[in-house]
Amino acid sequence: MTKILVLNPNSNAEVTQNIDNSLNHIRQALAVVIKVENLEGTPHGIETQEDVEFVAEPVVRYFKEQKDNHDAFVIACFSDPGLHAAREQVAKPVTGIAEAGLFTALSLGDRIGTISISGNSIARHHRYYRALGISQRIAGDVAIDSSVADLASADKTAEKMLRAGQRLKDEFGANALVLGCAGMPQYREPLEDVLGIPVIDPTQAATMMAISLGVLS
C-alpha cells in the first residue's frame, strides 16, 4: 500500500489537524496511507520570508530521516520551503503544495486567483509565479489580512475568504482559485459553492500528485 507523508512545516497542531481532516476523503476513496505531521520548534505560522528560510532545512532533514518509511512526500506550506533541496536529497517523489495547487488550477481555469493569508505573502507569491513561468496566467492575489492562528476560527475568517474570492472573480476576472495557505482547507467547499468556480485546496492537490508519483516510482 502506498504511504504518503504530508508535513506541515510549522508547529501549529490545529492547522495540522485541519489538513489531516481535509484528506479523509482521499483515504476513503483510495487504498493509500496518508500520515500528516508537523515540525516542532518551528514558527506557529509561516508568514514571512524569514520563516520560510528557517523551516527549509528542518523539512529536508525530516524527509531524509523518513525516506525509508514512505513512498512520497508533501510539503504543506504554500511557499514550498525546502522543495528543491528535498528533491535532491530524497530519492522519492516530493511535491510542494504551491506548485501542485497552481498547476492543478491551471488545468481548470484560464485565469488563476490566489487567496493569501496576509499582504506580506503577496510579493513572495509573485516571485514564485515568475519562477514557475506562470505569471501571465495569474489574474490576481488578494490577502485576507489574517494570521495562521485565525484560520481555525470560521467567525473571524469565513467572510474574509468570501470577500477575497468574490473580488478575485468579479474584479480580477479569475475563473479558478487557489487557497494560498495549508491552513485554509475547511473553506474550499463553501467558497466553491457560492462562487461557482473551481477552488483548489493545494494540499489535496499535492497529495493526489504525490500518490500518483509514489505509485509510479
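The structure presented is a predicted model; accordingly, all values stated were derived computationally and were not measured. (Residues numbered from 1 in each chain as written. Predicted model: local features only at pLDDT ≥ 70, side-chain atom pairs only at ≥ 80, totals over all residues. Heavy atoms only, no water.)

## Remarks on the environment of D201
Move 1: By secondary structure assignment, the location of D201 is in the loop between β8 (199-200) and α9 (202-216).
Move 2: Separated by 51 residues in sequence, D201 and D150 place their C-alpha atoms 18 Å apart.
Move 3: Beyond its immediate stretch of four places on either side in the chain, D201 contacts S22, L179, P185 and R188. (Helix = DSSP H or I, 4+ residues; strand = E, 2+ residues; numbered from the N terminus. Contact = heavy atoms within 4.5 Å.)

## Brief notes about the pairing of strand β3 (residues 72-75)
Move 1: Residues A72 and V74 point to one face of β3 and F73 and I75 to the other, with burial holding for every one of them.
Move 2: Where strand β1 (residues 2-8) lies against β3, four bridges are found, and the strand directions are parallel. Bridging from a neighbouring strand, I4 pairs with A72 of β3.
Move 3: Where β3 lies against strand β4 (residues 94-96), three bridges are found, and the strand directions are parallel. Note on β4: the bridge partner recorded for I75 is G96.
Move 4: As for the winding sense of the linkage, the β-α-β connection from β3 through helix α4 (residues 83-89) to β4 is right-handed. (Buried < 20%, exposed > 50% of the residue type's maximum accessible area, 1.4 Å probe, protein only. Pairing = 2+ DSSP bridges. Right-handed = clockwise from strand over helix to strand, strands pointing away.)

## Overview of the layout of surface pockets
Move 1: In this structure, the largest pocket occupies an estimated 240 Å³ of space.
Move 2: As for the largest pocket, its lining consists of 13 residues, and the residues nearest its centre are V52, S79, D80, P81 and Y128.
Move 3: Of all the elements in the fold, those that place two or more residues in the lining of the largest pocket are α3 (49-66), α4 and α6 (119-132).
Move 4: No other element matches the four residues that α3 contributes to the lining of the largest pocket.
Move 5: Taken together, the residues of the lining of the largest pocket sort by class into five nonpolar, four polar and four charged. (1 Å grid on protein atoms, 1.4 Å probe; cavity = no way out; pocket = protein on both sides within 12 Å on 5 of 7 lines; lining within 4 Å. Points joined across faces, edges and corners; volume = space filled by probe spheres on them. Nonpolar A, V, L, I, M, F, W, Y, C, P; charged D, E, K, R; others polar.)

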